[in-house]
Amino acid sequence: MKTIADLGDLRGRRVLVRSDLNVPLDDAGAITDDGRVRASVPTIKDLADQGARVIVCAHLGRPKGEPDPQFSLRPVATRLEELLGQPVAFATDTVGESARQAVGALEDGQVVLLENLRFNAGETAKTADGRREFAEQLAALADAFVSDGFGVVHREQASVFDITQLLPSAAGGLVETEVGVLRRLTEDPQRPYAVVLGGAKVSDKLGVIDNLLAKADRLLIGGGMVFTFLKAQGLEVGQSLLEEDQLDVVRGYLQTAEDTGVEIVLPTDIVVATEFSADADHEVVAADQIPADRMGLDIGPDSSRVFADKLADARTVFWNGPMGAFEMAPYADGTRAVARALVDITAEHDALTVVGGGDSAAAVRQFGHRDDEFGHISTGGGASLEFLEGKTLPGLDVLED
Ligand code: ADP
Ligand code: MG
């Protein structure tokens, strides 16, 4: 993979950086988790320190291909400025008059952030033809391109994919780090290797289960997806999330695991509630005793102990997806226990622990953990899953030498 060093001397050159600044905002437009901004800073700082004229571009949310103030990156420019410790100019458009002027005014080592790329329909157009004009306009702003938005490298989009055909291009430090960690999960991982999967839907994670069943020693399953596994084993799951159409696929996984000696760890008890709400009546029941009128919203305390135990001797762990509806306090304990177990084995055994997925990352921060208590917290949920599925990611493929 080409890296920034391959771009040569950057002093005085205009470098377009694609970052992932897609942060959650509250109703008042304030950033609620700046993890992605923080993760983007080192590469931007590196380029500025080398004397490049740095043009940062990114998207926020899902505007419909035209300007929409609700999705403006302006609050992100302010946060970026604080974290970088230097001024960040803000262009109020992507490739228009404001962008051209702001870029023209840059001096060596200065930084500008362009407005939300998705204010232009060309960014996410489905065909290369549809994206070409926008990619060319972006390319005209710069002399070189650095791809550092790991969260978007699985997308065939103008600022991720097409732009690399138009400018000398390289991976930024964040993309290099993310890819390095994910490689360690797929090539010769230290054993025992445990994979913990949760989150809302099995169908989101099927490809990963398929691929990791051939690599991991243990698969621990919680979250909403676990009920499809329990049902596949003949248990009743009441009102819990269930994907009936995946039952056969899941039965297939259970069989494959048995044939290949991969241990599947399912919860022994479940926190069930009368409805999907923090105030609902809730109690702990055995996993084979879920009442017909209750829904499972977390793994129970016994399961948390079992899961922690199954993680205690692991030397490599990939975790994607919370164990329960952790956003509501009564259903956060299972997720908290998994986070704790990962922090412990990272500190005590220097295990490689990787957290993937936006909600999982938000959960560990909600519990007060620092990022550096884990081996790595991926900024790209979808991208890391596709990587682990063994897919070719378009935005990485184009950075190969
Ligand atoms: P990530 O973003 O980490 O990949 P997902 O997006 O797959 O995770 O899933 C996260 C969501 O799954 C959370 O919002 C959480 O509330 C929900 N969830 C977890 N367990 C359950 C459950 N038992 N029932 C309903 N929702 C659940
Ligand atoms: Mg999510």
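To be clear, the structure that these remarks concern was listed above.
Keep in mind the model is a prediction, meaning the values are calculated, not measured.

Peer 1: When you look at the layout of surface pockets in this model, what are you seeing that I'm missing?
Peer 2: Rolled over the atoms, a probe as big as a water molecule pinpoints where empty space is left. By volume, the largest pocket amounts to about 1100 Å³. If you go around the largest pocket, you meet 44 residues; those closest to its centre are Asp 20, Asn 22, Arg 36, Gly 151 and Thr 379. Every element with two or more residues in the lining of the largest pocket is listed here: α1 (35-49), α11 (358-366), β15 (376-377) and α12 (381-388). Here the residues of the lining of the largest pocket sort into 12 nonpolar, 18 polar and 14 charged.

Peer 1: Just checking my understanding: could you explain helix α4 (residues 128-140) for this structure?
Peer 2: Each α-helix turn comprises 3.6 residues. Residues three or four places apart therefore point the same way. Between its first and last C-alpha, α4 extends 18 Å over 13 residues, near the 18 Å set by a 1.5 Å rise per residue. The largest bend in α4 is about 25°, located at Phe 134. Residues of α4 that are buried in the fold lie against β1 (14-18).

Peer 1: Whenever I open this one, the environment of Asp 49 confuses me. Can you help?
Peer 2: Take Asp 49: it is sitting in helix α1. Look at Asp 49 and you get exposed, because its relative accessible area is 52%. With 38 residues separating them along the chain, Asp 49 and Arg 11 place their C-alpha atoms 9.1 Å apart.

Peer 1: Looking at this model, I keep getting lost on the pattern of salt bridges. Mind explaining?
Peer 2: Enumeration according to the criterion identifies 27 salt bridges in this entry. One salt bridge in this structure joins Asp 20 and Arg 36, with 3.2 Å as the shortest N-O distance. Here Arg 36 lies in helix α1 and Asp 20 lies in the loop between β1 and α1, a separation of 16 residues in the sequence. The exposure class of Asp 20 is buried, given its relative accessible area of 4%. Given a relative accessible area of 24%, Arg 36 falls into the partly exposed group. Between Asp 34 and Arg 79 there is a salt bridge, with the nearest N and O atoms lying 2.8 Å from each other. Of the two residues, Asp 34 is situated in the loop between β1 and α1 and Arg 79 in helix α2 (residues 74-84); the sequence distance between them amounts to 45 residues. Look at Asp 34 and you get buried, because its relative accessible area is 13%.

Peer 1: It is not clear to me how helix α3 (residues 97-104) should be interpreted in this structure. Could you clarify?
Peer 2: Within the sequence span of α3, burial applies to Ser 98, Ala 99, Ala 102 and Val 103. For α3, the arc enclosing every buried residue in end-on projection is 125°, short of the 170-degree limit, so these residues lie on one face. Turned more than 90 degrees away from the buried face of α3, the exposed residues are Gln 101 and Gly 104. Against the buried residues of α3 lie β1, β2 (53-57) and β4 (111-113).

Peer 1: How should the sheet that holds β15 be read in this particular structure?
Peer 2: Consider a sheet: its strands pair through backbone hydrogen bonds, and that pairing is either parallel or antiparallel. Overall, parallel pairing links the 6 strands, which are arranged β9-β8-β7-β13-β14-β15 in an open sheet. Unpaired on one side and paired on the other, β9 (263-265) and β15 mark the two borders of the sheet. Sheet topology note: the strand β13 (residues 316-320)/strand β14 (residues 352-356) ladder contains 5 bridges and is parallel. Looking at the pairing, Trp 319 lines up with Val 355 of β14. Where helix α9 (residues 301-312) meets the sheet, its contacts fall on β7 (193-197), β8 (218-221), β9 and β13, and the angle it forms with β8 comes to roughly 155°.

Peer 1: Is there a simple way to think about the site of ligand 1 in this case?
Peer 2: With respect to spatial proximity, 20 residues lie near ligand 1, and among them Lys 205, Gly 296, Glu 327, Asp 359 and Ser 360 are the closest. Measuring from a nitrogen atom of ligand 1, one finds a backbone N or O atom of Gly 296 at 3.1 Å. Side-chain polar atom of Asp 359 to an oxygen atom of ligand 1: 2.8 Å apart, as the coordinates give it. When ligand 1 sits alone it has 580 Å² of accessible area, and the protein chains cover 84% of it. A majority-of-atoms criterion places ligand 1 in the second largest pocket. Element by element, the count of residues in the shell around ligand 1 is highest for α11, at 3 residues. Residues of the shell around ligand 1, tallied by class, amount to 7 nonpolar, 10 polar and 3 charged.

Scoring rules and cut-offs
- Residues numbered from 1 in each chain as written.
- Chains lettered and ligands numbered in written order.
- Predicted model: local features only at pLDDT ≥ 70, side-chain atom pairs only at ≥ 80, totals over all residues.
- Heavy atoms only, no water.
- 1 Å grid on protein atoms, 1.4 Å probe; cavity = no way out; pocket = protein on both sides within 12 Å on 5 of 7 lines; lining within 4 Å.
- Points joined across faces, edges and corners; volume = space filled by probe spheres on them.
- Helix = DSSP H or I, 4+ residues; strand = E, 2+ residues; numbered from the N terminus.
- Nonpolar A, V, L, I, M, F, W, Y, C, P; charged D, E, K, R; others polar.
- Expected span 1.5 Å × (residues − 1).
- Bend = angle between axes of the 7 residues up to and from the residue.
- Contact = heavy atoms within 4.5 Å.
- Buried < 20%, exposed > 50% of the residue type's maximum accessible area, 1.4 Å probe, protein only.
- Salt bridge = Lys/Arg side-chain N within 4 Å of Asp/Glu carboxyl O.
- Arc of directions from axis to C-beta.
- Pairing = 2+ DSSP bridges.
- Axes fitted to C-alpha atoms, helices over the stretch in contact; angles between N-to-C directions.
- Near = heavy atom within 4 Å.
- Polar contact = N/O pair within 3.5 Å; in protein donor to acceptor, adjacent residues only side chain to side chain.
- Areas by Shrake-Rupley, 256 points an atom, 1.4 Å probe, with all protein chains shown as cover.
- Sits in = over half its atoms within 2 Å of the grid points.

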